[in-house]
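For reference, the chains in residue letters:
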Amino acid sequence: MNEEQALHRILALTRELNDHNYRYYVLDRPIISDQQFDHLLSELTGLEHGWPHHTQPDSPTRRVGGEPLEGFESANHATPMLSLGNTYSESELRDFDQRVQKLLGRTTPYLAELKIDGVAISLTYENGELVQAITRGDGNRGDVVTANIRAIPSIPIQLRGNDWPAKMEVRGEVFIRRPKFEELNRRRLENGEEAYANPRNFASGSLKLLDAMEVKRRGLDAYFYAWNQEKSTLGDQEEMLNNAINWGFPVCSHNSGAGNLELIFRFIHSWQTKRESLDFDIDGIVVKVNSYADREELGHTAKAPRWAIAYKYKTQAASTHLISVDFQVGRTGAVTPVANLAPVWLGGTTVKRASLYNEGEIERLGLRLNDRVWVEKGGEIIPKITGIDTSTGERGREAIHFPQTCPSCAAPLQRLEALHYCFNSKNCPPQQLGLLEHFVARKAMDLNSLGKETLELLWQQGLVRKPADLYDLQHDALSTLERMGKKSAQLILDGLSASRSVPYQRVLFALGIRHVGETIAKNLAKHFNSIDLLASASLQDLTSVHDIGEKIAEQVVSWFSDSENMLQIERLKRSGLQFSAVSENEPDSNRSQKLMGLSFVVSGVFERHEREELKSLIEQHGGRVASSLSNKTNYLLSGSDAGPSKLEKAKALNVPLLSESEFEQLIA
Ligand code: IVH
């Protein structure tokens, strides 16, 4: 393909992919499969790689780019982001209607919209292009989070059509859909990390991240409901929403125009229960005067517009009996108390269990067995006990004792911050099984022929206790197991055999080292090209890697200093699993292995390269960069102004100095 043809194809693919995104996110009517989309996207990525200067500004590949930020700048809103008057009562809603009628001297139609429970955001578009995104902040001034907002796939970077105002400010709500949130939390728990509290906090926390790549991974979404422009030509809210859709903004489709309040009440009541069926959280209904001219006439107070009000749903609560408390041991050994409740109907489902999180929570609530308790379903997915229902006057008598020993293996429990842990990980059945389940998971070794039940069976039969045991399984032993035929046995063996080509970073994740989730495993694999390098890395080596803090580094070091774990690695290695990075999927010809196994510290100012550039060169050539000198450092790459303490330490540790030009020769 020549350059002209490439440009042609790049333009066509960019347009086509943006169109598919629009159909998917805004119209909710995709016409191709995700797979077909990915196929086109990878074609575009390939062409852009070959002809980078032809990459279009609105290319779907261009959402995330650049370095992580150091911090956020702040900026003023063009017009203040007001809040809304709130009410929980119908009579106050009638008062609102009366006020509106009195001020206008007549009735006026309303539009009721869902009140999305997310984070407010204000976007500025100039000539159809997204130029700035600001959080609400104090209403007048917020943080500039443009890079993060670009990482949200449903938010348009370039508007469709051409009839948009030259400059406009659009407001809406960023949120996460519940299935996505639950998936992320499931993964966190699997990795021994604490779950995110609720979708709203998650969304607002995500916008404050300094790394847009991570924002992208989090799969946020957005709905827009307002825009300001210098001179408004708009008739009403419905017209505005329709325009917004045509220009490519995702808009929540559930709204209802109403000439009178009774219809609004009907909308409110129907969504009170229907909201359970949405895949995102709402916390109420916003009632707005539809006409822009009428809004103008009504104006606003210092805090909120007079033309709108939020009717908020009360959090749903029910009262029921606490029957007993189970203590569950998770994969990481954390012991969680779980309440067994007399079944109670709450927000569309029957609730029988609720998490009690930890001992502190039981103490905070002052809970006893047989108490009547309030159960709530708020933003959180798992219902929680929010207090004791004292209205009946009866209280439970029996105190709840947190066990001193593991309910599964009887090892003594240890408290670390808020949680109790069983540290007998190698012999504690739920931890062993949990590790096996983690090992076979899709994102790990992807052994889908080994389900939870099969693993339990293998465990009970004593055939498999540790991941390495899986690779010793024989056809005969397998096929004689209950409910297992020759065919399923063969499937398992085939799966195990195929898992030998699972790449190093996923094998690393599969090992189930505490705090080493998918992303961390990826980072570690990138910096320590083989498990041997990782196993011998010091705390300092580890913390010099992007995103690896002390907590993670300590877990990694302690995991590799355990001889039983090292034995597992040896056995898995002998079984043929991948324990080093293959660079075949890195076609970048600038890469080499010239610095493989060498560790560098970079200090000072250089003539021909920025310091960060040198660091990335070292990594591109297979070397490692540490932040401070140790006896594992091979070279101190020093420029002018290198820190005197570093030079001294290098001398003391016998670490040779390397100049910029010597370094260049090394990688030439
Ligand atoms: S209209 C002048 N419409 O609720 C404010 N707000 O409690 C106009 N919200 O700050 C806001 N869904 O972040 C409006 N359909 C909707 C909304 C909505 C959620 C948020 C918004 C606002 C907050 C007020």
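For the structure, see preceding data.
Note that the structure is a prediction, hence the values are computed from the model and not measured.

J.: I'd love a proper account of helix H18 (residues 518–527), names of residues and values included.
T.: Every buried residue of H18 is listed here: Ile-520, Ala-521, Asn-523, Leu-524, Ala-525 and His-527. Of the surrounding secondary structure, the elements contacted by the buried residues of H18 are helix H17 (504–510), helix H19 (531–535), helix H20 (539–543), helix H21 (550–560), helix H23 (611–620) and strand E22 (624–625).

J.: Can you explain the nonpolar core? Please cite residues and give values.
T.: Judged by nonpolar contacts, the single largest core of 55 residues is most densely connected at Phe-439, Leu-470 and Leu-524. Discounting chain neighbours no more than four positions away, the residues touching Phe-439 are Ala-444, Met-445, Leu-447, Pro-467, Leu-470, Tyr-471, Ala-510, Leu-572 and Leu-577. The next biggest cluster of nonpolar side chains, apart from the first, holds 38 residues, and it includes Ile-149, Ile-176, Phe-224 and Leu-241.

J.: Got a sec to walk through the sheet that holds strand E23 (residues 635–638)? Specific residues and values, please.
T.: Reading across from one edge, E22-E21-E23-E24 is the order of the four strands in this open sheet, with parallel pairing throughout. If you trace the sheet from one side to the other, it starts and ends with E22 and strand E24 (657–658), each paired once. As judged from the two bridges shared by strand E21 (residues 599–603) and E22, these two strands associate in the parallel manner. Looking at E22, one finds that Ser-599 is bridged to Arg-624.

J.: Can you lay out the site of the ligand for me, pointing to particular residues and giving the numbers?
T.: Around the ligand sit Leu-82, Leu-84, Glu-113, Leu-114, Lys-115, Ile-116, Ala-120, Glu-173, Tyr-225, Val-286, Lys-288 and Pro-305, and that is every residue in its neighbourhood. A distance of 2.6 Å is found between an oxygen atom of the ligand and a side-chain nitrogen or oxygen belonging to Glu-173. Isolated, the ligand exposes 520 Å² of accessible area, and the fraction of that covered by the protein chains is 86%. Only strand E3 (110–116) and strand E10 (282–289) provide two or more residues apiece to the shell around the ligand. It is E3 that provides the largest number of residues to the shell around the ligand, a total of four residues. Classifying every residue of the shell around the ligand by side-chain character gives eight nonpolar, no polar and four charged.

J.: Can you lay out the side chain of Ser-206 for me, pointing to particular residues and giving the numbers?
T.: Among the secondary structure elements, Ser-206 is positioned in helix H6 (residues 199–207). A residue is classified by how much of its surface remains accessible, and Ser-206, at 0% relative accessible area, is buried. Excluding residues within four positions of it along the chain, Ser-206 makes contact with Asn-148, Val-215, Arg-218 and Leu-220.

J.: Account for the sheet that holds strand E11 (residues 308–312), naming residues and giving values.
T.: Overall, mixed pairing links the five strands, which are arranged E2-E11-E10-E3-E9 in an open sheet. The outermost strands of the open sheet, each flanked by one partner alone, are strand E2 (85–87) and strand E9 (255–258). Averaged over all pairs of adjacent strands, the angle between their axes in this sheet comes to 25°, without regard to strand direction. Both E2 and E11 contribute to a ladder of three bridges, which runs parallel. Each bridged residue has a counterpart across the sheet, and for Gly-85 the counterpart in E11 is Ile-309. Strands E2, E3, E10 and E11 of the sheet are contacted by helix H3 (residues 90–104), whose axis makes an angle of about 170° with E11. Packed on one face of the sheet, helix H8 (residues 237–246) meets E3, E9 and E10 and runs near 50° to E3.

J.: Give me the pattern of salt bridges: which residues, what numbers.
T.: What the rule picks out here adds up to 34 salt bridges. Taking the shortest distance from any N to any O, the salt bridge between Arg-106 and Asp-294 comes out at 3.0 Å. Of this pair, Arg-106 sits in the loop between H3 and E3 while Asp-294 is found in helix H10 (residues 292–298), placing the two residues 188 residues apart along the sequence. A relative accessible area of 39% means that Arg-106 is categorised as partly exposed. Between Glu-361 and Arg-364 there is a salt bridge whose closest N-O contact spans 3.1 Å.

Here is what the cut-offs are and how they apply
Counting starts from 1 at the beginning of each chain's written sequence and moves along it residue by residue. In keeping with the model being predicted, local features are shown solely for residues with a pLDDT of at least 70 and side-chain atom pairs are shown and tallied solely at 80 or more, while totals for entire chains, interfaces and linings include all residues. Excluding hydrogens and water, the side-chain values take into account all heavy atoms of the structure. Note on exposure labels: buried denotes an accessible area under 20% of the residue type's maximum, exposed denotes more than 50%, and partly exposed covers the range between, all computed with a 1.4 Å probe on protein chains only. Secondary structure elements follow DSSP: runs of H or I of four or more residues count as helices, runs of E of two or more count as strands, with numbering from the N terminus. In what follows, a contact means two residues having at least one pair of non-hydrogen atoms within 4.5 Å. The term nonpolar core refers to a set of buried residues drawn from Ala, Val, Leu, Ile, Met, Phe, Trp, Tyr and Cys, joined through side-chain atoms within 4.5 Å. By definition, two strands form a pair when at least two bridges between them are found by DSSP. We call a residue near a molecule or strand as soon as one heavy atom of that residue lies within 4 Å of the molecule or strand. What qualifies as a polar contact is a pair of N or O atoms within 3.5 Å, subject to a donor-acceptor requirement within protein and to the restriction that residues adjacent in sequence count only when both atoms come from side chains. The accessible surface values rely on the Shrake-Rupley method and a 1.4 Å probe; as for residues, cover is taken only from the protein chains in view. Under this grouping Gly is polar, as are all residues other than the nonpolar Ala, Val, Leu, Ile, Met, Phe, Trp, Tyr, Cys and Pro and the charged Asp, Glu, Lys and Arg. Think of each axis as a best-fit line through the C-alpha atoms, taken over the contacting stretch in the case of a helix, with angles from 0 to 180 degrees between the N-to-C directions. By convention in these notes, a salt bridge is any Lys or Arg side-chain nitrogen within 4 Å of a carboxyl oxygen on Asp or Glu.

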